[in-house]
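Overview (structure and organization)
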Amino acid sequence: MTITKEEIQKLASLSRLKLTEEEKEQYAKDLSGILKYVDQIQEVTEGADTTNSSNKKPSEIPHRNVMRDDVDGQLLNGDPKKLVEAAPKHQDGLVEVKKILG
Amino acid sequence: MTIDLKTLTISSAKEMFANGTLKSVDLVQAYLDQIKAKDGEINAFREVFADALDQAKKADELRAETDSKTLESMPLLGIPFGIKDNILIEGRHAGAASKILENYIGAYDSTVIKKLKDAGAIFIGRLNMDEFAMGGSTENSAYGVTKNPNDLTRVAGGSSGGSAASVAMDSVLVSLGSDTGGSIRQPASYCGVVGLKPTYGRVSRHGLMAMGSSLDIIGPIAKTVEEAEQIFKVISGQDRYDSTTLSGDEVSAHIANSSKINLDKLRVGIVPELMNMGGINPAVLANLNESIEKLKKAGVEIKEVSLPHIKYSLAVYYVLMPAEVSSNMARFDSIKYGGKVDGKDLLEDYLNTRGELLGKEVRRRIILGTYMLSSGYHDAYYNKANIVRDLISADFKKAFEEVDVILTPTAPSPAFKIGQNTSDPIQMYLEDIFTVTANLIGIPAISIPSGVVELNKADGVGEMGSDGKKISLPLGVQFMAPLCREDVLFAIGKKFESVIK
């Protein structure tokens, strides 16, 4: 599988990364090499068909539901004020963002 | 007073604390002196905490005024730790060695830190790593490589390179690292110390910066197996802030599944498929064979087992890990926390911030993961990798009917030269070949020093040191046990330590 510079640009836009032309070229080369290596998993023909990924468990450790009562304040560790203050731009306890609607 | 830092352990330090021959402040001062003398060259530390001595003084005071019964509930009182730079401590900088988190300050204690604090531990500093734990050499740190204390022209390994080097250069007693595909075990092996990757879910990930959420785990690095065990006991346990942590019942159920294991008569499995696949340094193979012979001589049963799908582990890992990385790294949006490079609109904020403040390897993995998860390739890569992941898991289940623990080298080579693998990502990734499997299937694994390789030009692994002296590089072996059987690793690990001496 060979990846082109144009494909890298598309992936970079999807993942919100600005790349230089040089980087695009480098990543195209790197990705082609890595994909060639990981393509060996295509040799494997056994195993359960799990095209429906909701049937999939990610490891030997079985899935189970983790439930808790729906009450306030159970899941926050730390001071909400400090969490907001970690934002690069914040004002009066609110996180500031750029306008997204015209 | 001189303290023999080379041989000091948690147990011997505690004994000296108790009989009054050692104080925490003196111990921390000794480590600060070591850092001053050595870290300028080695670069294991991102930051040495200014209040380290104050913490030690408080520990000494607490010990003086507390009765011995209460002290038992603080098994690490006054024990100096180094902490990997991706684990949050409230009020302190934590940056994952990335520019994007240069000014970030932890807003809360991660669960492991909370547990260490409750046990009385003190923190000397935060330790260098590959940016966001992505790498195997700390060469991806935005703040320079951590050099190997055994040879300054070589890497300390990674991603927890600072955690391993700081212990190896006696500048902390013990440290915490994190392991997604070998990031505790491989640097431990390169630096000649012990590194434990616990069972997935036995140690809380709350407050650990996520890399691959189905793979990540926090674990200790120390000079001895006993210390790794002591730290594991303190940091493990179910946590309401990490819903993937295992409950006591789940741990018991896993242990019941492997109930036939007799800790006094462990059967050790070796895997010919892995040893014969090529690409392994001859010194590593020879060392493994020596280790096997020594275990046999000590009366340990060695048995060959077959793991037919293990050859696909690294390929599976390099599908699943970047997929999880690309999802996890989406949180760096220049809005919630971390650095920001301003643009003309929100989209440009994203592009600039992530393009400029995330390093080359991090961006490479984000792009790779985005590809793996994109429509049209999702089935061929992500789903296929999960199918093979299950096959590998089934192989191990079967093997663990025959043996109690599986032995491999930790890494296919001793510590490599700085810069040697930076131009070829695949070559770098191959260093993880023995370690990724434990992360894929969740099982616990430990790396233990297994001797040294003396370098000279003839053996092809390196050359003489710059000063013309012979260089000895440490090697390590890895033991892997069934789910939740860290006790098996500690038992075989202590046995191995005694036969390797």
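Summarised in this report is the structure supplied together with it.

The rules behind these values
Residues numbered from 1 in each chain as written. Chains lettered and ligands numbered in written order. Predicted model: local features only at pLDDT ≥ 70, side-chain atom pairs only at ≥ 80, totals over all residues. Helix = DSSP H or I, 4+ residues; strand = E, 2+ residues; numbered from the N terminus. Rg over C-alpha atoms; globule rule 2.2 N^0.38 Å. Buried ≥ 20, exposed ≤ 12 C-beta atoms within 10 Å, placed from the backbone. Contact = placed C-beta atoms within 7 Å. Pairing = 2+ DSSP bridges. Axes fitted to C-alpha atoms, helices over the stretch in contact; angles between N-to-C directions. Parallel < 35°, antiparallel > 145°, perpendicular 65-115°, else oblique. Left-handed = near helix turned anticlockwise from the far one by under 90°. Nonpolar A, V, L, I, M, F, W, Y, C, P; charged D, E, K, R; others polar.

Describing the overall build of chain B
The number of helices and strands found in chain B is 18 helices and 13 strands. The C-alpha atoms of chain B give 22 Å as radius of gyration, which agrees with the globular expectation for 501 residues (23 Å, within 12%). The C-alpha extent of chain B, read off along each of the three principal axes, is 70 × 65 × 55 Å. Of all 501 residues assigned to chain B, the portion counted as buried reaches 59%.

Here we look at the interface of chain B and chain A
Taken residue by residue, the interface counts 51 residues in chain B and 44 residues in chain A. Broken down by secondary-structure element, the contributors of at least two residues to the side of chain B that touches chain A are helix H12 (313-328), helix H13 (346-357), helix H14 (360-373), helix H15 (379-402) and helix H16 (425-429) of chain B.

Observations regarding the sheet that holds strand S3 (residues 122-127) of chain B
Sheet strands pair via backbone hydrogen bonds, and the direction of the pair is either parallel or antiparallel. All names here are of chain B. Ordered in space as S1-S3-S2-S6-S8-S7-S12-S13-S11-S9-S10, the 11 strands form an open sheet in which the pairing is mixed. If you trace the sheet from one side to the other, it starts and ends with strand S1 (45-48) and strand S10 (301-304), each paired once. Each strand of the sheet is rotated relative to its neighbour by a mean of 30 degrees, with strand direction disregarded. When S1 meets S3, the two strands line up antiparallel, connected through 3 bridges. Looking at S3, one finds that Phe45 is bridged to Leu127. Of the strands in this sheet, strand S6 (174-179), strand S7 (194-197), strand S8 (217-222) and strand S12 (445-455) touch helix H8 (residues 225-235), which is tilted by about 145 degrees from S8.

Quick notes on the packing of helix H2 (residues 24-42) of chain B against helix H3 (residues 52-65) of chain B
The description of two packed helices rests on the angle between their axes and on the distance between the axes. All names here are of chain B. Axis separation between H2 and H3 bottoms out at 8 Å; the angle between their running directions is 160 degrees. The angle between H2 and H3 falls in the class roughly antiparallel. Here the hand of the crossing between H2 and H3 comes out right-handed. Note on element contacts: H3 touches H2 through Ala52, Leu53, Ala56, Lys57, Ala59 and Asp60, opposite Ser24, Val25, Val28, Gln29 and Leu32. For the contact of H2 with H3, the class distribution of residues is 7 nonpolar, 2 polar and 2 charged.

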